Amino acid sequence: MKTNSANQNWKRPLKRTGIVAPSVMIFLSSFLTPLGADNSAKSEDAWVSPARAARKENPFPADAASIALGKELFVAACLPCHGPAGKGDGPAATTLERNGTPVKPGNLTDPKLREQTDGALFWKIGEGRTPMPAFQETFTEEQRWKIVNYVRTLAPKADNKNP
Ligand code: HEC
């Protein structure tokens, strides 16, 4: 009998930790996982559009007229930061910051930009991200889609090895 009750005293705290420990782990991991997974500054900086926005299709074909209009708007509104060729070297590029940290404008000639859908670029142009302004009030949807068509011409095509 003595041994039995001793056993049960042992069982209890063991049982408890058996339940408590995993739930504590789950609780903690809900905080730790994002930190662990996104520890590098690079992924923390990544600007990703919502999947739903990225799926939106560009209703305007990338024809010469549409690209020409997109270019006109780009020169007026985007060039100061993104530069004449979209390399992120516009006259205002060196003065940009977010929460006191210097930020570079996106390099729109990066071939990686090709991997983003029109919908994703459209969303980013509409929403902005400090210090980049949101353009959804400045430009109509049509204008923004045409800017996307122009921005598409800045990055070399992925299959073109010698742009
Ligand atoms: C005041 C400066 C500024 C202006 C004006 C500006 N941008 Fe930006 N843009 C930025 C900065 C800074 C980033 C990088 C934001 C980040 O990643 O945190 C950026 C990022 C982007 C990206 C995302 C690039 C990527 O890697 O996903 C696109 C697309 C873009 N800008 C397009 C435009 C277009 C088109 C215009 C004009 C309609 C414009 N921007 C005007 C500063 C600017």
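Before going into details, it helps to say that this report is about the structure given with it. Everything numeric here is computed off the predicted structure, so don't read it as measured data.

A word on helix α4 (residues 64-77)
Given a rise of 1.5 Å per residue, 14 residues ought to cover 20 Å, and the 20 Å separating the end C-alpha atoms of α4 matches this to within 8%. Every buried residue belonging to α4 is among Ser66, Gly70, Leu73 and Phe74, and all of these are buried. Each buried residue of α4 lies within a common arc of 105° when the element is viewed along its axis, so the set occupies one face. Seen from the buried face of α4, the exposed residues on the opposite side, beyond 90 degrees, are Ala64, Ala65, Glu72 and Ala76. Of the surrounding elements, those touching the buried residues of α4 are α5 (79-82) and α7 (141-152).

Some remarks on the coordination of the iron atom of the ligand
Around the iron atom of the ligand, the protein supplies His82 (NE2) and Met132 (SD) as donor atoms, at distances of 1.9 to 2.2 Å. Note that the iron atom of the ligand binds 6 donor atoms; their angles at the metal cover 84 to 179°, and the shape is octahedral. Of this pair, His82 sits in helix α5 while Met132 sits in the loop between α6 (118-127) and α7; the two residues are 50 residues apart in sequence, bridging distant segments of the chain. Given a relative accessible area of 23%, Met132 falls into the partly exposed group.

Cut-offs used in this document
Note that residues are indexed from 1 along each chain, following the sequence as it is written. In view of the model being predicted, local features appear only for residues whose pLDDT reaches at least 70, and side-chain atom pairs are presented and counted only at 80 or more, with totals across whole chains, interfaces and linings using the full set of residues. Side-chain descriptors were evaluated using all non-hydrogen atoms of the structure, hydrogens and water having been removed beforehand. The helix count covers DSSP runs of H or I at least four residues long, the strand count covers runs of E at least two residues long, and both are numbered beginning at the N terminus. To estimate the expected span of a helix, subtract one from its residue number and multiply by 1.5 Å. Exposure classes here rest on a 1.4 Å probe applied to the protein chains alone. A residue is buried below 20% of its type maximum, exposed above 50%, and partly exposed in between. The arc in question is traced by the directions running from the helix axis to the C-beta atoms. Contact definition: two residues touch when any of their heavy atoms are within 4.5 Å. Ligating atoms shown are N, O and S within 2.8 Å of the metal, or 3.2 Å for Na, K and Ca, and water is not included, meaning a site may look less than complete. Between 85 and 135 degrees for all angles marks four donors as tetrahedral; over 155 degrees for opposite donors together with 65 to 115 for all other angles marks four donors as square planar and six as octahedral; every other arrangement is irregular.

Coordinates in, geometry out; function isn't part of it.
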